[in-house]
Amino acid sequence: MSAPPPPAPAAPGTLRYLALGDSYTIGEGLAPAERWPVVLAAALREDGLGVADPEIIATTGWTVAELDAGIDAADPRGPFTLVTLLIGVNDQYRGGTVEAYRPAFRAMLTRAVGFAGGDARRVVVLAIPDWGVTPFAEGRDRAAIGETLDAFNAAARDEAAAAGARWVDVAPVSRQFGATETAPDGLHPSGALYARWARLALPEARAALHE
């Protein structure tokens with residue numbers, strides 16, 4: 001008996017994608033085409049997956065709580081085939097603790113899973129990059145920034161694993177290239193660094209869409 005034929009590829013734009021975050025997701029200082037969720041969606045389409053351009057809910061400076069309020073205001077209507085989440089740098093920057101961040105992130109992740117139709121495998125969580133390596137951090141305690149962000153990321157990674165969501169660690173590549181590949185403000189990533197993030201996220205996003 002012959003194997004059944006593979007399913008036909010989805011028509012362009014039929015797979016909905018929701019990107020949740022802050023300045024890193026909105027691509028502060030860059031053209032919209034350079035935002036990593038936009039680059040990721042384009043890469044998925046090149047793979048034959050009919051992913052629409054992302055619906056982005058993100059604003060520079062947002063904490064987890066502010067993203068939560070921003071989602072309320074935007075009122076996105078799921079389900080989405082793919083949801084990405086990257087949030088927490090502003091909680092850290094404003095002096096927040098990991099102990100306060102963890103439950104807030106857990107609740108946000110639960111909300112993201114809800115937008116994915118309750119399927120956590122369709123949620124891809126990205127690590128917070130280490131802004132301590134950027135020119136903006138000159139004169140600050142770069143090591144302390146990195147250690148704190150490592151703790152925030154460990155909490156996010158653990159919560160993603162517990163929920164069954166996917167995890168993409170962009171922190172190492174951000175530390176490798178973050179000193180030189182920045183936007184004009186010397187803090188946020190350049191288009192080149194966002195393209196690196198998109199390449200790292202691509203396998204997990206592809207797997208999410210094949211679930």
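This is a predicted model, so every value here is computed, not measured.

Caption draft 1: Helix H2 (residues 36-46), seen in detail. Looking at H2, one finds that the buried residues are Trp-36, Pro-37, Val-38, Leu-40, Ala-41, Ala-43 and Leu-44. Tucked into the core, H2 has its buried residues touching strand E1 (17-21), helix H1 (23-26), strand E2 (55-58), strand E3 (82-85), strand E4 (123-126) and helix H8 (191-210). Positive backbone phi, approximately 90 degrees, marks Gly-48, located one or two places after H2.

Caption draft 2: Local environment of H8. Across its 20 residues, H8 extends 27 Å between first and last C-alpha, which sits within 8% of the 28 Å expected from 1.5 Å per residue. The sharpest bend along H8 comes to roughly 40 degrees, located at Leu-202, with the proline Pro-203 sitting one to four residues further on. Along H8, the residues that are buried comprise Gly-191, Leu-193, Tyr-194, Trp-197, Ala-198, Ala-201, Leu-202, Ala-205, Ala-208 and Leu-209. In this structure, the buried residues of H8 make contact with H1, H2, E3, E4, strand E5 (166-168) and helix H7 (171-177).

Caption draft 3: Expanded view of the packing of aromatic side chains. On inspection of all chains with the given rule, the structure shows seven aromatic pairs. Seen from their ring centres, Tyr-93 and Trp-131 are 5.4 Å apart, and the 70 degrees between their planes marks the pair as edge-to-face. Here the residue Tyr-93 occupies a position in helix H4 (residues 89-93), and Trp-131 occupies one in the loop between E4 and helix H6 (142-163), the gap between them amounting to 38 residues. Owing to a relative accessible area of 43%, Tyr-93 belongs among the partly exposed residues under this scheme. Linked through ring pairs, Tyr-24, Tyr-194 and Trp-197 together constitute an aromatic cluster.

Caption draft 4: The arrangement of the environment of Arg-142 in detail. Counting through the fold element by element, Arg-142 comes out in helix H6. Measuring from C-alpha to C-alpha, the distance between Arg-142 and Asp-130 comes to 9.0 Å, with 12 residues separating the pair along the chain. Apart from the residues within four sequence positions on either side, Arg-142 is in contact with Gly-132, Val-133, Thr-134 and Ala-137. A polar contact is formed between the side chain of Arg-142 and the side chain of Glu-138, at a distance of 3.1 Å.

Caption draft 5: Layout of the confidence of the model for the protein. Summarising the model, the protein shows a mean pLDDT of 94, and 94% of its residues fall at 70 or more. Every residue in residues 1-10 scores below 50 in pLDDT, and together they form three contacts with partners more than four places removed in sequence or on other chains.

Caption draft 6: Inspection of unusual backbone geometry at higher detail. A cis geometry characterises the amide bond from Gly-78 onward to Pro-79, with omega recorded as 5 degrees. Within the secondary structure layout, Pro-79 lies in the loop between helix H3 (64-74) and E3. Within the chain, Asp-75 stands out as a residue other than glycine whose phi angle is a positive 50 degrees.

Caption draft 7: How the structure looks around the side chain of Thr-81. Within the fold, Thr-81 resides in the loop between H3 and E3. Given a relative accessible area of 18%, Thr-81 falls into the buried group. In this structure, Thr-81 is in contact with Leu-15, Arg-16, Arg-122 and Leu-209, ignoring residues within four places of it in sequence.

Caption draft 8: How the structure looks around the pattern of salt bridges. Enumeration over the complete set of coordinates arrives at 17 salt bridges. In this structure, Arg-111 and Asp-68 form a salt bridge, with 2.7 Å as the shortest nitrogen-oxygen distance. Of this pair, Arg-111 sits in helix H5 (residues 98-115) while Asp-68 sits in helix H3, and the two are 43 residues apart along the sequence. You can call Arg-111 partly exposed: its relative accessible area is 26%. Of the charged contacts in the structure, one is a salt bridge between Arg-77 and Asp-75, with a shortest N-O distance of 2.6 Å. Three or more residues joined by partner-sharing salt bridges are found here, namely Arg-102, Arg-106, Asp-158 and Glu-159.

Caption draft 9: Quick peek at the environment of Ile-145. Structurally, Ile-145 is set in helix H6. Along the primary structure Ile-145 and Arg-16 are separated by 129 residues, whereas in three dimensions their C-alpha atoms are 35 Å apart. Setting aside residues no more than four positions away along its own chain, Ile-145 makes contact with Gln-92, Asp-130, Trp-131, Gly-132, Ala-137 and Arg-140.

Criteria and cut-off values
- Along each chain, residues carry numbers from 1 onward, in the same order as the chain's sequence is written.
- Local features in a predicted model are, by the rule used here, given only for residues with pLDDT of at least 70; side-chain atom pairs are given and counted only at 80 or more, and totals for whole chains, interfaces and linings are based on all residues.
- To get the side-chain values, take all heavy atoms of the structure and skip hydrogens and water.
- Burial here depends on accessible area, computed with a 1.4 Å probe over protein chains only, as a share of the maximum for the residue type. Under 20% is buried, over 50% is exposed, and the range in between is partly exposed.
- Put simply, DSSP H or I for four residues or longer makes a helix, DSSP E for two residues or longer makes a strand, and each gets a number counted from the N terminus.
- The criterion used for residue contact is that any of the two residues' heavy atoms lie within 4.5 Å.
- Helix span is expected to be 1.5 Å times the residue number reduced by one.
- Two axes define the bend at a residue: one fitted to the seven residues ending there, one fitted to the seven starting there, and the bend is the angle between them.
- Here a Phe, Tyr or Trp ring, Trp counted by its six-membered ring, pairs with any other such ring whose centre lies within 6.5 Å, and the pair is stacked when the planes are under 30 degrees apart, edge-to-face when over 60, and tilted otherwise.
- Between N or O atoms, a polar contact is any pair within 3.5 Å; within protein, one atom must be a potential hydrogen donor and the other a potential acceptor, and residues adjacent in sequence are included only when both atoms are from side chains.
- As a per-residue measure, pLDDT reflects the predictor's confidence and takes values from 0 up to 100.
- The salt bridge definition used is simple: a Lys or Arg side-chain nitrogen within 4 Å of an Asp or Glu carboxyl oxygen.

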